[in-house]
Amino acid sequence: MPFLPLVDPTSAALLPALSIFTPLLIPSTLLSAVRPSLPPSAAYIVIAEEADDLVALLNGGASKVVVPASRLGELVGVARDRIIVRLDSAAAASTASEAAGGLWLDGEHTATSLGVPNTAVYSQPSTSSPAELLAALKATSATLVIPCAHLTTAATSTHLSIADAFLANATTDRPDGLYATIVASSTHSGRPLGLVYSSAESVAEALRTQTGVYQSRRHGLWRKGATSGAVQELVRVGLDCDGDALVFDVVQHGSGFCHLGTTTCFGPLDGLAKLEDTLVDRLAHAPRGSYTRRLYDDEKLLRAKIMEEAEELCAAEKKDDIAFEAADLIYFALARCVRKGVSLKDVERALDKKSLKVTRRKGDAKPKWEAQVDAAASASASGPPATAPAADVEPASRPTEPVPAAFPKTKLEDGPVTMRTARLSELGPEEQKQLLLRPVLNSLAMIEKVKPIVARVRAEGDAGLKAITKQFDRVELESNVVRPPFAIPSEAELPADVRAAIDQAYANVRAFHAAQADTQTLTVETMPGVVCTRFARAIQRVGLYVPGGTAVLPSTAIMLGVPAQVAGCKEIVLATPPRHDGSISPEVLYVAGLTGVTAILKAGGAQAVAAMAYGTAECPKVDKIFGPGNQWVTAAKMLVQNDTDALVSIDMPAGPSEVLVMADHTANPVFVASDLLSQAEHGTDSQVVLVAIALAPALLAAIEAEIDAQARALPRVKIAREAIKKSVIVTVDSLAEGVRFSNEYAPEHLILHLADAEKVVDDIENAGSVFVGPFSPESCGDYASGTNHTLPTNGFARQFSGVNTLSFTKHITSQVVSAKGLERLGPVVVTLAEREGLEAHANAVRVRLAELSKA
């Protein structure tokens, strides 16, 4: 490494960029403040001269420690490459190098000048001049310690560029001065993705943006993914041993690195990298009833398979058998990791962290497993048992119906799942406003990211849409659109119970939305001879976005398709991402047939929004786009609605899901906790609020205990835990105070666990949808009660309604003015038009009044 950045209290902004290139040098007095903000991939060295426990620093993750020679005795048995000794003079260098792999001295020294081969030498220049620092870096083979106060991400007259410092000793024999660069996948154990070139300019830009930026030999800077969407997050940049080649370790997004839409330029992945990608894909798309889906849905089955394969591996003796059984164990172990959101990269980080420990455990097995092995050995000696012992498997973690008396107990992870608490009466006005805030999404940044995707679909039409679908959804389509009649899913694809549930949900939602239809013309005679009317007309062409990916959402197809059908929209385009075989999920396909969808667009994300907004040869252009989606979908909807060329509107602004539960002394803690968690499991950014109305401490404690117990029983416990951390219990002294807070918060979902809950509805001014009483869980509204689940979030319930039948209609007014009516109304209009200086308006009335005066 050419340099080590010395961290100080003002270095926070530079740490993410610095950690891409080099380990960070952190004084032990700053370690506790700095370490929580470091990127997961960051390496660091601790200046431990004042630290009490050197071994604890190494066990805690430090790659090396810097110590005075007087403390070397505390590190006996620690590998020398983990130790840097700070020396006062060069005379002690030879002796110190026997115990330490690095020496830090003042002055200009190298390993050669000190006579200490295979030892790294560190020194700190006395200058702060960028030019002098750069010259010093180029002139020495030692590693220079440079305070962060002298560094910057862009070169200035007063600060040294981090990129320049990194490349100070880099060399190239190319006439154009470029560096050969290997791009490797951080998420696939460093597998090479392709070979590119870098320049000093591209490295500096990559550092500034922390994305993959390279140097095209023909076109200058190449920002990977800027037009295709296959962007890269930069994790690490390194130099090879000769300093003439770079490696960029990246997280690759989109369909892959290669321009052919494949993951790498060197052919498909294999081994563990391929297995991980396969399991991630199956988690999202494995059909219901398949073996893989059973593994993901049944915690007990998956755990039993892991234990079974571990036992078979232990029993195997031949090389091929051991390899075969190890492969099975790895498959099921990785399936559990994927199910829990753990990647191979996470596992590798854990291994790297373990490798830094210098204090090792004794290594004995836990008594539980020693006893089982001894029992198995004994049984083997005396013959097979009559019946095999039952595996020690915890009960299934998914809550059952009706609510069980107790949820299954699980091992503690990161402490209890708890919400923070605030007493409203003790907060000032500004603090109360803080309780109303939701996370702020950088919508402008997201809009910039989707612009290239929208522009490509607009410019290239169906061909561009197919290319993007191939890139992002990894499927090559013959056609982007399916027209009716749609295939009827088979019993295997859509079991009878699922079909019946969809039919009932459709019937309930249709009944409620049909009652909303505005079929009567409003007629008012405002004055004799002046008749005004208003009548509803369906929006002719509508687009419905139904998310796919990690979930199958027939409920969203029902919630959007039914009101469009009831309103009488003539063109209903349903957009949803295709599965990897190019098909549409049978649940969504079935709902499309029920709701009269006229075209299914097999596309997702920003590209689907663009196709519906502008139209293609295959996809009809629509006049209004409805439906939820991720940040890319939301940004694309916001972009197209503001483009006058698109002439398209959207249903409402979108944000993370949210619920506010109001509970008084009548509340059932089990019900309250389940309602809060039903939203918390949506995502880590979900918003969950409990308004506790004069609750006794024991009842509030019971609710909090239920939140913890039920959260631990959820398959998505990690997501719920993160959402709950950012959520709040607001305690109030009266129902009126609670209602006032709720109306200010304007939640997407409002659940009332209150005495006389139905009467309280009269006081509700702002909410997307209200769930009244203990037996009205929000889940019913999400699926089948009849109300719509596409609702305003982020406080927009103050001015927006949820999606309803009228969302798919517009109102037109008309007026009929008779001759007698104009004689009465005309002078009023002339007076106002003249007052506004609009003579043509006044004249349009005068000529008619003049004609009437002739009669």
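What you see is a predicted model, and the numbers here were worked out from it, not measured in a lab.

Draft legend 1. Inspection of the overall build of the protein chain at higher detail. Each helix and strand counted, the protein chain has 29 helices and 31 strands in total. Referenced to the eigenvectors of the C-alpha coordinate spread, the extents of the protein chain come out at roughly 120 × 80 × 65 Å. In the protein chain, 62% of the contacts between residues at least 6 apart in sequence involve partners at least 24 apart. Of the roughly 42400 Å² of accessible surface on the protein chain, a fraction of 55% belongs to carbon and sulfur atoms. Here the protein chain carries 80 positive and 97 negative side-chain charges, and the mean point of each set is 4 Å from the other.

Draft legend 2. Structural detail: the confidence of the model for the protein chain. Counting all residues, the mean pLDDT for the protein chain is 88, and 92% of those residues have values of 70 or more. Here residues 379-412 is modelled with pLDDT under 50, and outside its nearest four sequence neighbours on either side it reaches 33 contacts, counting other chains as well.

Draft legend 3. Just unusual backbone geometry, in detail. With omega at 5 degrees, the peptide bond leading from Pro484 into Pro485 counts as cis. Phi at Ser189 takes a positive value of approximately 55 degrees, unusual for a residue other than glycine. Its location among the elements puts Ser189 in the loop between β11 (179-185) and β12 (191-198). One non-glycine residue, Asp756, lies in the positive phi region at around 55 degrees. With respect to the helices, strands and loops of the structure, Asp756 is situated in the loop between β29 (749-753) and α26 (757-760).

Draft legend 4. Examining the sheet that holds strand β30 (residues 769-772) more closely. Taken together, six strands build an open sheet; the order of strands is β17-β28-β27-β26-β29-β30 and the sheet is parallel. In this open sheet, the two edge strands, each paired with only one partner strand, are β17 (420-423) and β30. Averaged over all neighbouring strand pairs, the angle between strand axes comes to 20 degrees, with direction disregarded. Inspection of the sheet shows strand β26 (residues 658-663) paired to β29 by five bridges, in the parallel sense.

Draft legend 5. The arrangement of the packing of aromatic side chains in detail. Tallied over the full model, the rule gives nine aromatic pairs. Centroid distance Phe796 to Phe800: 5.8 Å. Interplanar angle 80 degrees. Geometry classified as edge-to-face. The partly exposed category is assigned to Phe796, whose relative accessible area is 27%. On the basis of relative accessible area, Phe800 is assigned to the partly exposed category, the value being 31%. Each residue in the set Tyr214, Trp222, Phe248 and Phe257 is aromatic and connected to the rest through ring pairs, giving one cluster. We note Lys224 situated over the ring of Phe257; from NZ or CZ to the ring centre the distance is 5.0 Å. Positioned over the ring face of Tyr590 is Arg499, at 5.2 Å from the centre of the ring.

Draft legend 6. Inspection of the pairing of strand β14 (residues 220-223) at higher detail. Here four bridges tie strand β13 (residues 213-216) to β14, and the two strands are oriented antiparallel to one another. Among the inter-strand pairings, Gln215 is bridged to a residue of β14, identified as Leu221. Hairpin connection of β13 to β14: three residues between the antiparallel strands.

Draft legend 7. Highlighting the pattern of salt bridges. Summed over all chains, the structure comprises 28 salt bridges. Lys305 serves as the salt-bridge partner of Glu308, at 3.1 Å between the closest nitrogen and oxygen. You can see Glu308 and its partner Lys305 sitting in helix α11 (residues 299-315), three residues apart, about one turn around the helix. Owing to a relative accessible area of 32%, Glu308 belongs among the partly exposed residues under this scheme. By relative accessible area, Lys305 is classed as buried at 15%. Glu460 is the partner of Arg456 in a salt bridge, and the nearest nitrogen-oxygen pair spans 3.2 Å. Highlighted residues: Arg456 and Glu460, both in helix α16 (residues 443-473), separated by four residues, approximately one helical turn. By relative accessible area, Arg456 is classed as partly exposed at 25%.

Draft legend 8. Broad picture of the side chain of Thr127. Mapped onto the secondary structure, Thr127 falls in the loop between β7 (120-123) and α6 (130-139). Among the polar contacts made by the side chain of Thr127, one reaches the main-chain amide nitrogen of Ser129 at a distance of 3.1 Å. If we ignore the near neighbours within four places in the chain, the residues touching Thr127 are Glu132, Leu133 and His150.

Draft legend 9. Region of the structure containing the nonpolar core. Judged by nonpolar contacts, the single largest core of 69 residues is most densely connected at Phe3, Ile26, Leu103 and Phe248. In terms of residue count, the dominant contributor to this core is helix α1 (residues 15-21) (five residues). Discounting residues that sit within four places of it in the chain, Phe248 has contacts with Thr181, Ile182, Val183, Ala184, Ser198, Val203, Ala206, Val213, Tyr214, Leu234, Arg236 and Val237. Formed by 35 residues, the second largest nonpolar core is a distinct cluster that contains Ala505, Ala557, Cys569 and Val803.

Draft legend 10. Main features of a positive patch on the surface. Residues Arg35, Lys353, Lys354 and Lys357 make up a contiguous surface patch of positive charge. Mapping Lys353 onto the fold places it in helix α13 (residues 344-355).

Draft legend 11. Inspection of the environment of His749 at higher detail. Structurally, His749 is set in strand β29. Note: C-alpha distance between His749 and Ile162 (587 residues apart in sequence) is 49 Å. Those residues in contact with His749 that lie beyond four places of it in its chain are Ser657, Glu658, Val659, Leu660, Gln679, Ser769, Phe771, Glu778, Asp782 and Leu791. In this structure the side chain of His749 is engaged in a polar contact, spanning 3.5 Å, whose partner is the side chain of Glu748.

Draft legend 12. Broad picture of helix α8 (residues 200-209). Inspection of α8 places Ser202, Val203, Glu205, Ala206 and Leu207 among the buried residues, and these make up the whole buried set. Positive backbone phi, approximately 55 degrees, marks Gln210, located one or two places after α8.

Draft legend 13. Structural view of the environment of Val688. Its place among the elements puts Val688 in strand β27 (residues 687-693). Once the C-alpha coordinates of Val688 and Ser657 are considered, the two residues, 31 residues apart in sequence, prove to be 8.7 Å apart. Among residues more than four places away in sequence, those in contact with Val688 are Met419, Val659, Leu676, Gln679, Ala680, Ile724, Ser727 and Val728.

Draft legend 14. The packing of helix α17 (residues 496-514) against helix α19 (residues 586-594), seen in detail. Where α17 contacts α19, the two axes come as close as 11 Å, and the packing angle between them is 40 degrees. With respect to α19, the axis of α17 lies oblique. For the element pair α17 and α19, the recorded crossing hand is right-handed. Seen from α17, the contacting residues are Val498, Arg499, Ile502, Asp503 and Tyr506; seen from α19, they are Glu587, Tyr590, Val591 and Leu594. In the contact of α17 with α19, the residues fall into six nonpolar, no polar and three charged.

Reading guide: rules and limits
- Residues numbered from 1 in each chain as written.
- Predicted model: local features only at pLDDT ≥ 70, side-chain atom pairs only at ≥ 80, totals over all residues.
- Heavy atoms only, no water.
- Helix = DSSP H or I, 4+ residues; strand = E, 2+ residues; numbered from the N terminus.
- Contact = heavy atoms within 4.5 Å.
- Areas by Shrake-Rupley, 256 points an atom, 1.4 Å probe, with all protein chains shown as cover.
- Lys, Arg positive; Asp, Glu negative; His and termini not counted.
- Charge placed at Lys NZ, Arg CZ, Asp CG, Glu CD.
- pLDDT = per-residue confidence, 0-100.
- Pairing = 2+ DSSP bridges.
- Axes fitted to C-alpha atoms, helices over the stretch in contact; angles between N-to-C directions.
- Phe/Tyr/Trp six-rings, centres within 6.5 Å; stacked < 30°, edge-to-face > 60°.
- Buried < 20%, exposed > 50% of the residue type's maximum accessible area, 1.4 Å probe, protein only.
- Lys NZ or Arg CZ within 6 Å of the ring centre and 35° of its normal.
- Salt bridge = Lys/Arg side-chain N within 4 Å of Asp/Glu carboxyl O.
- Polar contact = N/O pair within 3.5 Å; in protein donor to acceptor, adjacent residues only side chain to side chain.
- Core = buried A, V, L, I, M, F, W, Y, C linked by side-chain atoms within 4.5 Å.
- Patch = residues over 30% accessible without salt bridge, like charges linked within 9 Å, V, L, I, M, F, W, Y side chains within 5 Å.
- Parallel < 35°, antiparallel > 145°, perpendicular 65-115°, else oblique.
- Left-handed = near helix turned anticlockwise from the far one by under 90°.
- Nonpolar A, V, L, I, M, F, W, Y, C, P; charged D, E, K, R; others polar.

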